[in-house]
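Summary of structural features
Below, each chain spelled out in residue letters.
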Amino acid sequence: PSWLVPQNMPKRSELRCCSQDMMFLVQLYCPGDEEEAFHRTMYVFVCPKNHTMISSNNNNNNCGGVKVFRCQLPQKNPFYPYDCSNEEKDECKYWTKHLPQQWNTNTCTVCGVFATGKCPLQNLYFCGKAHQKEHLKVHKSVVANTNTTLTSTAVRFSSVYPEYELVVEDEPCEGDIISENDQMKMLNSIKTKSLFSNDHGQEDANLEQTDLNKMTGGEGGGVTDLRTIEFYTRITRGGKATSSQCLRYCRWPSTSEGEEEEDDVGVPLWISSDCIPHNADTIPVCSCCGSIRKPEFQIMPQMLNYVHVNNATTNQQLTNVSKEVKDATIAAASIIERNGTTVDDKTTNRIEQQLQELKKIALQGAEDELNFGSIVVYTCTKSCNGRDGAVYMEEVAWRQPPLDDTET
(Lines give C-alpha, C1' and ligand atoms only; values in the text may rest on other atoms or scores of the structure.)
Protein backbone atom coordinates (compact mmCIF):
# COMPACT_ATOMS: atom_id res chain seq x y z
CA PRO A 1 0.00 0.00 0.00
CA SER A 2 0.92 3.63 -0.40
CA TRP A 3 0.07 4.87 3.07
CA LEU A 4 -1.55 8.30 3.22
CA VAL A 5 -0.26 8.88 6.76
CA PRO A 6 3.19 7.29 7.24
CA GLN A 7 2.56 6.67 10.92
CA ASN A 8 0.35 4.37 12.99
CA MET A 9 -0.66 2.25 10.01
CA PRO A 10 -2.40 -1.10 10.68
CA LYS A 11 -0.16 -3.78 12.13
CA ARG A 12 -0.02 -7.37 10.95
CA SER A 13 -1.89 -8.44 14.08
CA GLU A 14 -4.86 -6.35 12.87
CA LEU A 15 -4.71 -7.99 9.45
CA ARG A 16 -5.39 -11.59 10.40
CA CYS A 17 -8.32 -13.77 9.44
CA CYS A 18 -8.95 -17.47 10.20
CA SER A 19 -5.27 -17.77 11.21
CA GLN A 20 -4.27 -16.39 7.78
CA ASP A 21 -2.40 -13.19 6.95
CA MET A 22 -4.72 -10.96 4.96
CA MET A 23 -3.47 -9.63 1.64
CA PHE A 24 -3.69 -6.10 0.29
CA LEU A 25 -6.22 -5.95 -2.56
CA VAL A 26 -6.87 -2.33 -3.56
CA GLN A 27 -6.65 1.28 -2.44
CA LEU A 28 -8.63 4.31 -3.63
CA TYR A 29 -7.80 7.98 -3.30
CA CYS A 30 -11.23 9.56 -2.91
CA PRO A 31 -11.22 13.05 -1.29
CA GLY A 32 -14.32 14.03 0.64
CA ASP A 33 -16.27 17.27 0.82
CA GLU A 34 -15.39 17.79 4.48
CA GLU A 35 -12.44 20.03 5.38
CA GLU A 36 -10.83 17.28 7.40
CA ALA A 37 -11.05 14.92 4.40
CA PHE A 38 -9.22 17.00 1.80
CA HIS A 39 -6.97 13.96 1.37
CA ARG A 40 -8.80 10.67 1.83
CA THR A 41 -7.80 7.09 0.98
CA MET A 42 -9.53 3.72 1.39
CA TYR A 43 -7.57 0.47 1.84
CA VAL A 44 -9.04 -3.00 1.31
CA PHE A 45 -7.44 -6.19 2.64
CA VAL A 46 -8.80 -9.69 2.01
CA CYS A 47 -8.23 -13.19 3.27
CA PRO A 48 -6.60 -15.25 0.48
CA LYS A 49 -8.93 -18.17 1.27
CA ASN A 50 -12.49 -18.60 0.10
CA HIS A 51 -15.02 -17.44 2.72
CA THR A 52 -18.66 -18.13 3.49
CA MET A 53 -18.98 -15.27 5.98
CA ILE A 54 -20.44 -12.14 4.42
CA SER A 55 -20.08 -9.10 6.68
CA SER A 56 -17.06 -7.30 8.08
CA ASN A 57 -19.25 -6.14 10.94
CA ASN A 58 -16.74 -4.69 13.39
CA ASN A 59 -19.40 -4.90 16.12
CA ASN A 60 -19.28 -8.69 16.26
CA ASN A 61 -15.67 -9.42 15.30
CA ASN A 62 -16.75 -11.10 12.07
CA CYS A 63 -14.47 -9.72 9.36
CA GLY A 64 -16.10 -11.72 6.57
CA GLY A 65 -12.70 -12.23 5.00
CA VAL A 66 -12.47 -8.48 4.21
CA LYS A 67 -11.18 -5.49 6.17
CA VAL A 68 -11.42 -1.87 5.06
CA PHE A 69 -9.54 1.09 6.51
CA ARG A 70 -10.19 4.80 5.91
CA CYS A 71 -7.53 7.45 6.38
CA GLN A 72 -7.91 11.20 5.83
CA LEU A 73 -6.14 14.52 6.29
CA PRO A 74 -6.99 18.23 6.02
CA GLN A 75 -5.28 20.28 3.33
CA LYS A 76 -2.82 21.64 5.86
CA ASN A 77 -0.89 18.74 7.34
CA PRO A 78 2.73 17.79 8.11
CA PHE A 79 2.96 15.12 5.40
CA TYR A 80 2.07 16.85 2.11
CA PRO A 81 2.52 20.34 0.57
CA TYR A 82 -0.41 22.70 1.03
CA ASP A 83 -0.55 23.38 -2.71
CA CYS A 84 0.93 21.07 -5.31
CA SER A 85 -0.99 22.18 -8.39
CA ASN A 86 2.35 22.73 -10.11
CA GLU A 87 4.16 19.42 -9.76
CA GLU A 88 7.31 20.87 -11.27
CA LYS A 89 7.86 23.17 -8.32
CA ASP A 90 10.92 22.11 -6.34
CA GLU A 91 8.83 21.88 -3.16
CA CYS A 92 6.62 19.23 -4.78
CA LYS A 93 9.17 17.58 -7.03
CA TYR A 94 11.57 16.71 -4.22
CA TRP A 95 9.05 16.29 -1.41
CA THR A 96 9.77 13.31 0.85
CA LYS A 97 7.87 13.99 4.08
CA HIS A 98 5.14 11.53 3.06
CA LEU A 99 7.56 8.60 3.21
CA PRO A 100 7.52 6.33 6.29
CA GLN A 101 11.29 6.41 6.72
CA GLN A 102 11.12 10.18 7.24
CA TRP A 103 9.14 9.50 10.40
CA ASN A 104 11.23 6.57 11.69
CA THR A 105 8.56 4.11 10.60
CA ASN A 106 9.60 0.88 8.92
CA THR A 107 7.43 -1.17 6.58
CA CYS A 108 7.63 -4.82 5.59
CA THR A 109 9.94 -5.50 2.63
CA VAL A 110 7.45 -8.01 1.23
CA CYS A 111 3.95 -6.60 1.82
CA GLY A 112 4.42 -2.98 2.87
CA VAL A 113 2.50 -3.05 6.19
CA PHE A 114 4.00 -1.93 9.48
CA ALA A 115 7.23 -3.82 10.23
CA THR A 116 7.68 -5.22 13.71
CA GLY A 117 11.37 -6.04 13.47
CA LYS A 118 14.55 -6.32 11.43
CA CYS A 119 16.06 -9.56 10.23
CA PRO A 120 19.76 -9.60 11.23
CA LEU A 121 20.59 -12.08 8.47
CA GLN A 122 18.97 -10.17 5.60
CA ASN A 123 19.32 -6.69 7.15
CA LEU A 124 15.72 -5.94 6.12
CA TYR A 125 12.47 -5.16 7.95
CA PHE A 126 9.48 -7.50 8.02
CA CYS A 127 5.99 -7.62 9.52
CA GLY A 128 6.52 -11.12 10.89
CA LYS A 129 8.29 -14.45 10.55
CA ALA A 130 6.17 -15.64 7.62
CA HIS A 131 7.31 -12.86 5.28
CA GLN A 132 10.82 -12.98 6.65
CA LYS A 133 11.05 -16.66 5.63
CA GLU A 134 9.30 -16.07 2.30
CA HIS A 135 11.73 -13.32 1.32
CA LEU A 136 14.74 -15.45 2.26
CA LYS A 137 13.41 -18.40 0.25
CA VAL A 138 12.74 -16.29 -2.83
CA HIS A 139 16.11 -14.60 -2.50
CA LYS A 140 17.95 -17.92 -2.46
CA SER A 141 15.95 -19.13 -5.47
CA VAL A 142 16.69 -16.01 -7.52
CA VAL A 143 20.39 -16.08 -6.72
CA ALA A 144 20.61 -19.78 -7.56
CA ASN A 145 18.71 -19.55 -10.86
CA THR A 146 19.76 -16.18 -12.24
CA ASN A 147 23.04 -15.44 -10.46
CA THR A 148 21.69 -11.95 -9.70
CA THR A 149 20.50 -10.20 -6.57
CA LEU A 150 16.85 -9.97 -5.59
CA THR A 151 16.81 -6.19 -5.84
CA SER A 152 17.80 -6.27 -9.51
CA THR A 153 15.19 -8.84 -10.52
CA ALA A 154 11.43 -8.46 -10.97
CA VAL A 155 10.10 -10.89 -8.36
CA ARG A 156 6.56 -11.70 -7.30
CA PHE A 157 5.90 -12.98 -3.80
CA SER A 158 3.07 -15.47 -3.33
CA SER A 159 1.70 -13.38 -0.44
CA VAL A 160 1.34 -10.26 -2.61
CA TYR A 161 -1.13 -9.83 -5.46
CA PRO A 162 0.09 -8.40 -8.80
CA GLU A 163 0.04 -4.62 -9.00
CA TYR A 164 -2.23 -2.78 -11.44
CA GLU A 165 -3.55 0.74 -11.87
CA LEU A 166 -7.31 1.31 -11.96
CA VAL A 167 -8.33 3.48 -14.92
CA VAL A 168 -11.23 5.79 -14.06
CA GLU A 169 -14.08 5.99 -16.57
CA ASP A 170 -17.63 7.33 -16.34
CA GLU A 171 -20.49 4.89 -16.02
CA PRO A 172 -21.91 4.32 -19.55
CA CYS A 173 -25.11 6.23 -20.22
CA GLU A 174 -28.07 4.93 -22.21
CA GLY A 175 -26.49 6.10 -25.47
CA ASP A 176 -23.44 3.94 -24.82
CA ILE A 177 -25.43 0.74 -24.33
CA ILE A 178 -25.60 -1.73 -27.21
CA SER A 179 -28.57 -0.94 -29.46
CA GLU A 180 -31.72 -3.08 -29.49
CA ASN A 181 -30.89 -4.23 -33.01
CA ASP A 182 -27.47 -5.47 -31.90
CA GLN A 183 -29.06 -7.14 -28.88
CA MET A 184 -31.42 -9.06 -31.18
CA LYS A 185 -28.52 -10.16 -33.38
CA MET A 186 -26.71 -11.41 -30.28
CA LEU A 187 -29.86 -13.21 -29.11
CA ASN A 188 -30.39 -14.89 -32.50
CA SER A 189 -26.81 -16.12 -32.39
CA ILE A 190 -27.34 -17.55 -28.91
CA LYS A 191 -30.55 -19.29 -29.99
CA THR A 192 -28.57 -21.58 -32.29
CA LYS A 193 -26.39 -22.83 -29.42
CA SER A 194 -27.12 -25.22 -26.62
CA LEU A 195 -27.37 -23.65 -23.20
CA PHE A 196 -24.82 -26.01 -21.63
CA SER A 197 -22.71 -28.78 -23.09
CA ASN A 198 -21.60 -32.05 -21.51
CA ASP A 199 -21.18 -35.73 -22.31
CA HIS A 200 -24.44 -37.02 -20.88
CA GLY A 201 -26.29 -37.39 -24.14
CA GLN A 202 -27.83 -35.03 -26.64
CA GLU A 203 -31.24 -34.98 -24.99
CA ASP A 204 -29.97 -33.71 -21.64
CA ALA A 205 -27.07 -31.68 -23.00
CA ASN A 206 -29.10 -29.39 -25.25
CA LEU A 207 -31.80 -27.24 -23.71
CA GLU A 208 -33.95 -26.13 -26.63
CA GLN A 209 -35.46 -22.68 -27.09
CA THR A 210 -38.73 -24.01 -25.65
CA ASP A 211 -36.85 -24.67 -22.41
CA LEU A 212 -35.42 -21.17 -22.44
CA ASN A 213 -38.90 -19.74 -22.92
CA LYS A 214 -39.84 -21.26 -19.57
CA MET A 215 -36.95 -19.69 -17.67
CA THR A 216 -38.83 -16.74 -16.25
CA GLY A 217 -37.73 -16.24 -12.67
CA GLY A 218 -37.94 -17.54 -9.14
CA GLU A 219 -35.48 -17.01 -6.35
CA GLY A 220 -32.43 -18.99 -5.37
CA GLY A 221 -29.62 -17.73 -7.63
CA GLY A 222 -28.39 -19.19 -10.88
CA VAL A 223 -29.78 -18.19 -14.24
CA THR A 224 -33.35 -18.07 -12.91
CA ASP A 225 -32.56 -15.26 -10.46
CA LEU A 226 -33.64 -11.89 -11.83
CA ARG A 227 -30.79 -10.11 -10.01
CA THR A 228 -28.29 -12.47 -11.65
CA ILE A 229 -29.83 -11.84 -15.04
CA GLU A 230 -29.69 -8.08 -14.41
CA PHE A 231 -26.04 -8.35 -13.33
CA TYR A 232 -24.87 -10.29 -16.40
CA THR A 233 -27.02 -8.21 -18.73
CA ARG A 234 -25.51 -5.03 -17.29
CA ILE A 235 -21.87 -6.10 -17.60
CA THR A 236 -22.41 -7.59 -21.08
CA ARG A 237 -24.58 -5.03 -22.82
CA GLY A 238 -22.43 -2.12 -21.70
CA GLY A 239 -19.59 -3.20 -23.99
CA LYS A 240 -15.95 -2.98 -22.91
CA ALA A 241 -16.77 -0.18 -20.46
CA THR A 242 -18.54 -2.67 -18.20
CA SER A 243 -17.38 -6.15 -19.18
CA SER A 244 -13.92 -5.55 -17.69
CA GLN A 245 -15.03 -3.23 -14.89
CA CYS A 246 -13.21 -4.13 -11.68
CA LEU A 247 -14.70 -1.48 -9.41
CA ARG A 248 -17.79 0.74 -9.31
CA TYR A 249 -17.55 3.98 -7.35
CA CYS A 250 -20.64 6.02 -6.46
CA ARG A 251 -20.40 7.89 -3.18
CA TRP A 252 -23.61 9.36 -1.83
CA PRO A 253 -24.06 13.03 -2.86
CA SER A 254 -23.92 15.91 -0.42
CA THR A 255 -27.43 17.09 0.42
CA SER A 256 -28.69 20.23 2.09
CA GLU A 257 -30.74 20.04 5.26
CA GLY A 258 -34.24 18.84 4.46
CA GLU A 259 -33.25 17.78 0.95
CA GLU A 260 -34.00 14.17 0.02
CA GLU A 261 -31.56 11.89 -1.74
CA GLU A 262 -32.43 9.89 -4.82
CA ASP A 263 -33.35 6.33 -3.93
CA ASP A 264 -31.21 4.73 -6.63
CA VAL A 265 -28.01 6.69 -5.94
CA GLY A 266 -25.20 4.42 -4.89
CA VAL A 267 -27.23 1.22 -5.19
CA PRO A 268 -24.87 -1.77 -5.50
CA LEU A 269 -25.14 -4.16 -8.43
CA TRP A 270 -25.72 -7.50 -6.67
CA ILE A 271 -24.82 -10.75 -8.40
CA SER A 272 -27.80 -12.62 -6.92
CA SER A 273 -30.77 -12.21 -4.57
CA ASP A 274 -29.02 -14.22 -1.85
CA CYS A 275 -26.85 -12.82 0.92
CA ILE A 276 -27.64 -9.13 0.55
CA PRO A 277 -28.49 -6.61 3.31
CA HIS A 278 -32.26 -6.14 3.17
CA ASN A 279 -32.53 -3.19 5.56
CA ALA A 280 -30.46 -0.33 6.93
CA ASP A 281 -30.09 -1.98 10.34
CA THR A 282 -28.04 -4.79 8.81
CA ILE A 283 -25.11 -2.42 8.30
CA PRO A 284 -23.78 -1.14 11.67
CA VAL A 285 -23.45 2.59 12.26
CA CYS A 286 -20.02 4.18 12.50
CA SER A 287 -18.36 2.90 15.65
CA CYS A 288 -16.62 6.27 16.14
CA CYS A 289 -19.38 8.87 15.71
CA GLY A 290 -22.60 6.86 15.41
CA SER A 291 -23.43 8.12 11.89
CA ILE A 292 -25.06 5.78 9.41
CA ARG A 293 -22.93 4.08 6.82
CA LYS A 294 -23.80 3.99 3.12
CA PRO A 295 -22.26 2.13 0.17
CA GLU A 296 -19.38 4.08 -1.36
CA PHE A 297 -17.92 1.60 -3.81
CA GLN A 298 -18.05 -2.05 -4.78
CA ILE A 299 -15.38 -4.43 -6.01
CA MET A 300 -16.59 -6.47 -8.97
CA PRO A 301 -15.78 -10.17 -9.53
CA GLN A 302 -13.91 -9.24 -12.72
CA MET A 303 -11.02 -8.23 -10.46
CA LEU A 304 -10.41 -11.92 -9.74
CA ASN A 305 -9.10 -12.31 -13.30
CA TYR A 306 -6.17 -10.08 -12.31
CA VAL A 307 -5.74 -11.38 -8.77
CA HIS A 308 -5.41 -14.98 -10.01
CA VAL A 309 -3.38 -14.02 -13.06
CA ASN A 310 -0.78 -16.76 -12.46
CA ASN A 311 -3.32 -19.58 -12.28
CA ALA A 312 -3.82 -20.08 -16.02
CA THR A 313 -5.71 -23.38 -15.73
CA THR A 314 -8.29 -22.08 -13.29
CA ASN A 315 -8.67 -18.86 -15.25
CA GLN A 316 -9.38 -20.76 -18.46
CA GLN A 317 -11.96 -22.97 -16.73
CA LEU A 318 -13.70 -19.97 -15.20
CA THR A 319 -13.62 -18.10 -18.51
CA ASN A 320 -15.25 -20.99 -20.38
CA VAL A 321 -17.92 -21.43 -17.72
CA SER A 322 -18.52 -17.70 -17.47
CA LYS A 323 -19.20 -17.48 -21.21
CA GLU A 324 -21.73 -20.33 -21.04
CA VAL A 325 -23.56 -18.77 -18.12
CA LYS A 326 -23.39 -15.31 -19.66
CA ASP A 327 -24.86 -16.48 -22.95
CA ALA A 328 -27.62 -18.29 -21.12
CA THR A 329 -28.54 -15.34 -18.95
CA ILE A 330 -28.60 -12.92 -21.89
CA ALA A 331 -30.96 -15.22 -23.73
CA ALA A 332 -33.12 -15.70 -20.64
CA ALA A 333 -33.20 -11.95 -19.96
CA SER A 334 -34.44 -11.14 -23.45
CA ILE A 335 -37.08 -13.87 -23.24
CA ILE A 336 -38.28 -12.65 -19.85
CA GLU A 337 -38.57 -9.11 -21.15
CA ARG A 338 -40.80 -10.20 -24.04
CA ASN A 339 -42.76 -13.07 -22.51
CA GLY A 340 -44.02 -14.01 -19.09
CA THR A 341 -44.65 -17.73 -19.08
CA THR A 342 -44.17 -20.04 -16.13
CA VAL A 343 -41.56 -22.63 -15.28
CA ASP A 344 -42.37 -26.32 -14.93
CA ASP A 345 -40.53 -28.51 -12.41
CA LYS A 346 -38.88 -30.71 -15.06
CA THR A 347 -37.25 -27.76 -16.81
CA THR A 348 -36.16 -26.19 -13.54
CA ASN A 349 -34.53 -29.43 -12.38
CA ARG A 350 -32.68 -29.83 -15.68
CA ILE A 351 -31.39 -26.26 -15.54
CA GLU A 352 -30.23 -26.61 -11.95
CA GLN A 353 -28.54 -29.96 -12.67
CA GLN A 354 -26.59 -28.47 -15.57
CA LEU A 355 -25.71 -25.43 -13.48
CA GLN A 356 -24.34 -27.58 -10.66
CA GLU A 357 -22.09 -29.41 -13.11
CA LEU A 358 -20.76 -26.08 -14.35
CA LYS A 359 -20.07 -25.02 -10.79
CA LYS A 360 -18.02 -28.16 -10.15
CA ILE A 361 -15.91 -27.45 -13.22
CA ALA A 362 -15.40 -23.83 -12.20
CA LEU A 363 -14.33 -24.79 -8.69
CA GLN A 364 -11.79 -27.44 -9.66
CA GLY A 365 -8.44 -26.26 -8.31
CA ALA A 366 -9.97 -23.09 -6.90
CA GLU A 367 -11.90 -24.27 -3.84
CA ASP A 368 -9.58 -22.53 -1.43
CA GLU A 369 -8.70 -19.39 -3.39
CA LEU A 370 -10.05 -15.88 -2.94
CA ASN A 371 -13.50 -15.76 -4.48
CA PHE A 372 -16.51 -13.46 -4.22
CA GLY A 373 -19.57 -12.34 -6.10
CA SER A 374 -19.15 -8.73 -5.02
CA ILE A 375 -17.60 -6.73 -2.19
CA VAL A 376 -19.57 -3.62 -1.24
CA VAL A 377 -17.87 -1.12 1.06
CA TYR A 378 -20.01 0.96 3.44
CA THR A 379 -18.39 4.05 4.97
CA CYS A 380 -19.24 6.70 7.53
CA THR A 381 -21.41 9.36 5.85
CA LYS A 382 -19.75 12.10 7.92
CA SER A 383 -16.18 10.93 7.23
CA CYS A 384 -15.44 11.46 10.90
CA ASN A 385 -11.94 11.71 12.28
CA GLY A 386 -12.36 8.72 14.55
CA ARG A 387 -11.56 8.72 18.23
CA ASP A 388 -8.77 7.94 20.66
CA GLY A 389 -6.20 9.23 18.18
CA ALA A 390 -7.06 6.66 15.51
CA VAL A 391 -5.46 7.39 12.14
CA TYR A 392 -6.80 4.45 10.14
CA MET A 393 -10.51 3.95 10.90
CA GLU A 394 -12.06 0.60 10.12
CA GLU A 395 -15.17 0.60 7.93
CA VAL A 396 -17.58 -2.18 6.93
CA ALA A 397 -17.50 -4.42 3.85
CA TRP A 398 -20.30 -6.71 2.75
CA ARG A 399 -18.88 -9.68 0.89
CA GLN A 400 -21.51 -11.34 -1.28
CA PRO A 401 -20.47 -14.92 -2.07
CA PRO A 402 -20.21 -16.03 -5.71
CA LEU A 403 -23.11 -17.92 -7.26
CA ASP A 404 -21.59 -21.29 -6.36
CA ASP A 405 -21.53 -20.35 -2.62
CA THR A 406 -24.88 -18.61 -2.16
CA GLU A 407 -26.53 -21.80 -0.98
CA THR A 408 -24.20 -22.05 2.05
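Heads up: the structure comes first, above all this text.
Thresholds, definitions, all that
Residues numbered from 1 in each chain as written. Predicted model: local features only at pLDDT ≥ 70, side-chain atom pairs only at ≥ 80, totals over all residues. Heavy atoms only, no water. Helix = DSSP H or I, 4+ residues; strand = E, 2+ residues; numbered from the N terminus. Buried < 20%, exposed > 50% of the residue type's maximum accessible area, 1.4 Å probe, protein only. Contact = heavy atoms within 4.5 Å. Areas by Shrake-Rupley, 256 points an atom, 1.4 Å probe, with all protein chains shown as cover. Core = buried A, V, L, I, M, F, W, Y, C linked by side-chain atoms within 4.5 Å. Salt bridge = Lys/Arg side-chain N within 4 Å of Asp/Glu carboxyl O. Pairing = 2+ DSSP bridges. Phe/Tyr/Trp six-rings, centres within 6.5 Å; stacked < 30°, edge-to-face > 60°. Axes fitted to C-alpha atoms, helices over the stretch in contact; angles between N-to-C directions. Lys, Arg positive; Asp, Glu negative; His and termini not counted.

Some points on the overall build of the protein
- Helices and strands together make up the secondary structure of the protein, namely 10 helices and 11 strands.
- Across the 408 residues that make up the protein, the buried fraction comes to 45%.
- For the protein, the share of sequence-separated contacts (at least 6 apart) that also reach a separation of at least 24 residues comes to 71%.
- With the model as given, the accessible surface of the protein reaches about 22000 Å², and the carbon-plus-sulfur share is 48%.

Here's the deal with the nonpolar core
- Grouped together as the largest cluster of nonpolar side chains are 27 residues, with contacts concentrated most on Trp-3, Val-5, Tyr-43, Phe-45, Cys-71, Val-113 and Tyr-392.
- Listing elements by their share of this core, those giving two or more residues are strand E4 (39-46), strand E5 (66-73) and helix H2 (129-146).
- A per-element tally of this core places E5 first, with three residues.
- The residues contacting Cys-71, other than those within four sequence positions of it, are Leu-4, Val-5, His-39, Arg-40, Thr-41, Tyr-43, Val-391 and Tyr-392.
- Grouped together as the second largest cluster of nonpolar side chains are 23 residues, Val-46, Phe-297, Leu-304 and Val-377 included.

Observations concerning the pattern of salt bridges
- The tally for this structure, following the rule as stated, stands at five salt bridges.
- A salt bridge links Arg-16 to Asp-21; its shortest N-O distance comes to 2.4 Å.
- For Arg-16, a relative accessible area of 38% translates into the label partly exposed.
- Of the residues examined, Asp-21 reaches a relative accessible area of 19% and is grouped as buried.
- The salt bridge involving Arg-251 is made with Glu-34; its shortest N-O contact spans 3.6 Å. With Arg-251 in the loop between strand E8 (247-249) and strand E9 (293-299) and Glu-34 in the loop between strand E3 (23-29) and E4, this residue pair connects regions lying 217 residues apart in the sequence.
- One network of salt bridges, in which partners are shared, links Arg-70, Arg-293 and Glu-395.

A few points about the pairing of strand E10 (residues 374-380)
- For E10, the tally of buried residues reaches seven of seven residues, placing the bulk of the element in the interior.
- As paired strands, E9 and E10 are joined by six bridges and run antiparallel to one another. Counterpart to Gln-298 in the pairing with E10 is Val-376.
- Direction of pairing for E10 relative to strand E11 (residues 393-400): antiparallel, over a ladder of five bridges. Bridge pairing in E11 places Ser-374 opposite Gln-400.

Here we look at the packing of aromatic side chains
- Evaluated as defined, the whole model comprises nine aromatic pairs.
- Residues Tyr-43 and Tyr-392 carry aromatic rings whose centres are separated by 5.8 Å and whose planes lie at 65° to one another, so their mutual orientation is edge-to-face. Here the residue Tyr-43 occupies a position in strand E4, and Tyr-392 occupies one in the loop between E10 and E11, the gap between them amounting to 349 residues.
- For Tyr-392, a relative accessible area of 9% corresponds to the buried category.
- Ring centres of Tyr-164 and Tyr-306 lie 5.2 Å apart, and the angle between their planes is 70°; this geometry places the pair in the edge-to-face category. One end of the pair, Tyr-164, is in the loop between H2 and helix H3 (180-191); the other, Tyr-306, is in helix H8 (residues 304-307), with 142 residues separating them in the sequence.
- Looking at Tyr-306, the relative accessible area reads 35%, which means it is partly exposed.

Section: the sheet that holds E3
- Pairing is antiparallel in the open sheet, where seven strands are placed in the order E3-E4-E5-E11-E10-E9-E8. For this open sheet the edge positions go to E3 and E8, each flanked by a neighbour on one side alone. On average, each strand axis in the sheet is inclined to that of its neighbour by 30°, with strand direction left out of account.
- In this structure, E4 lies alongside E5, joined through eight bridges in antiparallel fashion. When the sheet's bridge partners are listed, His-39 is paired in E5 with Leu-73.

Side note on the side chain of Arg-12
- Along the chain, Arg-12 falls in the segment before strand E1 (16-17).
- Buried and unpaired, Arg-12 has no salt bridge, with Asp-21 as the nearest side chain of opposite charge at 4.2 Å.

Considerations on unusual backbone geometry
- Located in the positive-phi region is Asn-123, a residue other than glycine, with phi close to 60°.
- Tracing the chain through its elements places Asn-123 in the loop between strand E6 (117-119) and strand E7 (124-126).
- Of note, the phi angle at Ser-383 is positive, near 45°, even though the residue is not glycine.
- On the secondary structure map, Ser-383 appears in the loop between E10 and E11.

Some words on the environment of Gly-290
- Looking at where Gly-290 falls in the secondary structure, it is placed in the loop between E8 and E9.
- In this structure the C-alpha to C-alpha distance between Gly-290 and Thr-381, which are 91 residues apart in sequence, comes to 10.0 Å.

Points about the pairing of E5
- The buried fraction of E5 amounts to eight of the eight residues, a majority that puts the element mostly inside the structure.
- Here E5 shows a buried face lined by Val-66, Val-68, Arg-70 and Gln-72 and a second buried face lined by Lys-67, Phe-69, Cys-71 and Leu-73.
- Note: E5 against E11, three bridges, orientation antiparallel. When the sheet's bridge partners are listed, Phe-69 is paired in E11 with Glu-394.

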